[in-house]
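A look at the structure
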Amino acid sequence: MLINYRDSIVGYFFYFYIFTLSFIVGKVSFESNFNTSYSVICLVVFLIFFYGKDFFSSIFSYNNKYIFFLILVFSISSFLTPLDFFKSMIGLFKIYSIVLFGFVSYFLIGRNIVDIYKVFFCISMSGVVHVLIVLWMWFTLPDPKNYDWVSGLYFSNNIRNFADYMSISFFCSFVLMIRSDEKIFKFLFGFISFFILACIFWSGSRTAYIGVFFGLLFVFYYFSSFKLYVQTSLIIIFSVLSSFLFLTNHSSLGFFRAYYKLQGSVNEISSGRLAVYKDVLEYYSYYPIFGYGGEAVKQLSIYGRAQAHNNILQILIEYGVVGLIFVFILSFKFFIDFYHCKKNNIEIFSITIIVNIVFASFFNGGFYYAIILILMCLFFGGFYAAKNIKSF
């Protein structure tokens, strides 16, 4: 009997999973990555129960050969690791899970089991819940202005990583605003976009600002209307002004943090990133071909960081130059596919969020945290499902 309702069961379960995904994240990045990756495997097992043969057929396609080559290279790097083998395997487990999630997304969206606009809605509502939790904390803490907001959030180990997720939630709401024809829904999603963006500005995350900036540039390139410019400008202005209502005594929070950080040495301006980059490159030079395997930065204890704060360096130190070459090959393939696609709304909206993630990840840990990588693969899957070609 379940088989008759499998599309509805799987579809609603997927929406629920997407909505709750960000609440799996905890205080410890290593454990959060493992828990998030494990949840993906549970989702895949659930999917196999209903669509076993069809799902496997969609994965094992000749068009996906570059993805399997990439997985092979990453696996070799992890098995050859000079560091702790178990932790390296956890890092590889994360890679397997996020790739599988991309296949799941492509399969479900391509078969119309899942509506990607409902996925946008789930992620934007998840962002709203996170903002409400922060507001609840603000009004219930005895001294919110002196509270450690950077590392004291319930569902994140650091407010910068939290802001990365919130920027994805913002774009999910923003694209729903663009797509909505009825004024009531356009206003609703415009207000949600303002609500989430105010939290991003309040966080003081410069990397999130960068990701939002380039994501908006991408949207404006394909949706160039004066009305949209005005709506977006109003959302940004009121978001910045609203963030001033919750000023703290913490130097790492607030919109003006970006200005204050321009004072001092180059390394201070980069919040210590240049020192991290220098050490990452030095360690990379010892194992340049296949790198150190998963969780390399954490295991090498580079300035106490868990990740390299740069997507390219993250790939280099974990999976070496060979791994980076295959990432570039997949990226080039994607650029070709995007250039030749019809560029419908779903394709443009999906790539908007990917642009946001990639640009933010040039200066942050987006290519380390499982939840960000999973969502990126979700939108890659959505793009290719919309393009209707049999590849990832």
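In short, a report on the structure. All values derive from a computational prediction rather than experimental measurement. (Residues numbered from 1 in each chain as written. Predicted model: local features only at pLDDT ≥ 70, side-chain atom pairs only at ≥ 80, totals over all residues. Heavy atoms only, no water.)

A few words on the overall build of the chain. What the chain contains, in helices and strands, is 16 helices and zero strands. For the chain, the C-alpha radius of gyration of 21 Å lies close to 21 Å, the compact-globule estimate for 392 residues. Along the first, second and third principal axes, the C-alpha atoms of the chain reach 55 × 55 × 40 Å. Across the 392 residues in the chain, those meeting the buried criterion constitute 57%. Taking the intrachain contacts of the chain between residues at least 6 apart in sequence as the baseline, contacts between residues at least 24 apart amount to 79%. (Helix = DSSP H or I, 4+ residues; strand = E, 2+ residues; numbered from the N terminus. Rg over C-alpha atoms; globule rule 2.2 N^0.38 Å. Buried < 20%, exposed > 50% of the residue type's maximum accessible area, 1.4 Å probe, protein only. Contact = heavy atoms within 4.5 Å.)

Next up on the list: the packing of helix α1 (residues 6–20) against helix α5 (residues 116–140). The contact between α1 and α5 brings their axes to 8 Å, and the two run at 35°. Note that α1 runs across α5; the crossing there is right-handed. Here Phe 14, Tyr 15, Ile 18 and Phe 19 of α1 lie close against α5, whose contacting residues are Lys 118, Val 119, Cys 122, Ile 123, Met 125, Ser 126 and Val 129. In the contact of α1 with α5, the residues fall into nine nonpolar, one polar and one charged. (Axes fitted to C-alpha atoms, helices over the stretch in contact; angles between N-to-C directions. Left-handed = near helix turned anticlockwise from the far one by under 90°. Nonpolar A, V, L, I, M, F, W, Y, C, P; charged D, E, K, R; others polar.)

Moving on, we get to the pattern of salt bridges. Applying the stated criterion to the full structure yields two salt bridges. Of the charged contacts, one joins Arg 111 and Asp 54 as a salt bridge, the two residues approaching to 3.6 Å between their closest N and O atoms. Highlighted residues: Arg 111 in the loop between α4 (85–110) and α5 and Asp 54 in helix α2 (residues 29–59), separated in sequence by 57 residues. Given a relative accessible area of 39%, Arg 111 falls into the partly exposed group. A relative accessible area of 32% places Asp 54 in the partly exposed class. (Salt bridge = Lys/Arg side-chain N within 4 Å of Asp/Glu carboxyl O.)

With that settled, consider the nonpolar core. Ranked by size, the top nonpolar core spans 131 residues in total, and within it Phe 14, Phe 120, Ile 123, Phe 170 and Phe 379 carry the most contacts. Setting aside residues no more than four positions away along its own chain, Ile 123 makes contact with Ile 18, Tyr 165, Ile 168, Ser 169, Cys 172, Leu 375, Leu 378 and Phe 379. (Core = buried A, V, L, I, M, F, W, Y, C linked by side-chain atoms within 4.5 Å.)

Bringing the packing of aromatic side chains into the picture now. Using the criterion set out here, one finds 55 aromatic pairs in the structure. When the centroid spacing of 5.0 Å and the interplanar angle of 65° are considered together, the rings of Phe 170 and Phe 171 count as edge-to-face. On the numbers, 5.3 Å between centres and 70° between planes, the contact of Phe 334 with Phe 383 is edge-to-face. Residue Phe 334 is found in helix α14 (residues 311–340), and its partner Phe 383 is found in helix α16 (residues 370–387); the two are separated by 49 residues along the sequence. (Phe/Tyr/Trp six-rings, centres within 6.5 Å; stacked < 30°, edge-to-face > 60°.)

Residues Phe 226, Tyr 229, Val 230, Leu 234, Ile 237, Phe 238 and Leu 241 make up a contiguous nonpolar surface patch of about 700 Å² in total accessible area. Looking at the element boundaries, Val 230 is found in helix α9 (residues 226–243). (Patch = residues over 30% accessible without salt bridge, like charges linked within 9 Å, V, L, I, M, F, W, Y side chains within 5 Å. Areas by Shrake-Rupley, 256 points an atom, 1.4 Å probe, with all protein chains shown as cover.)

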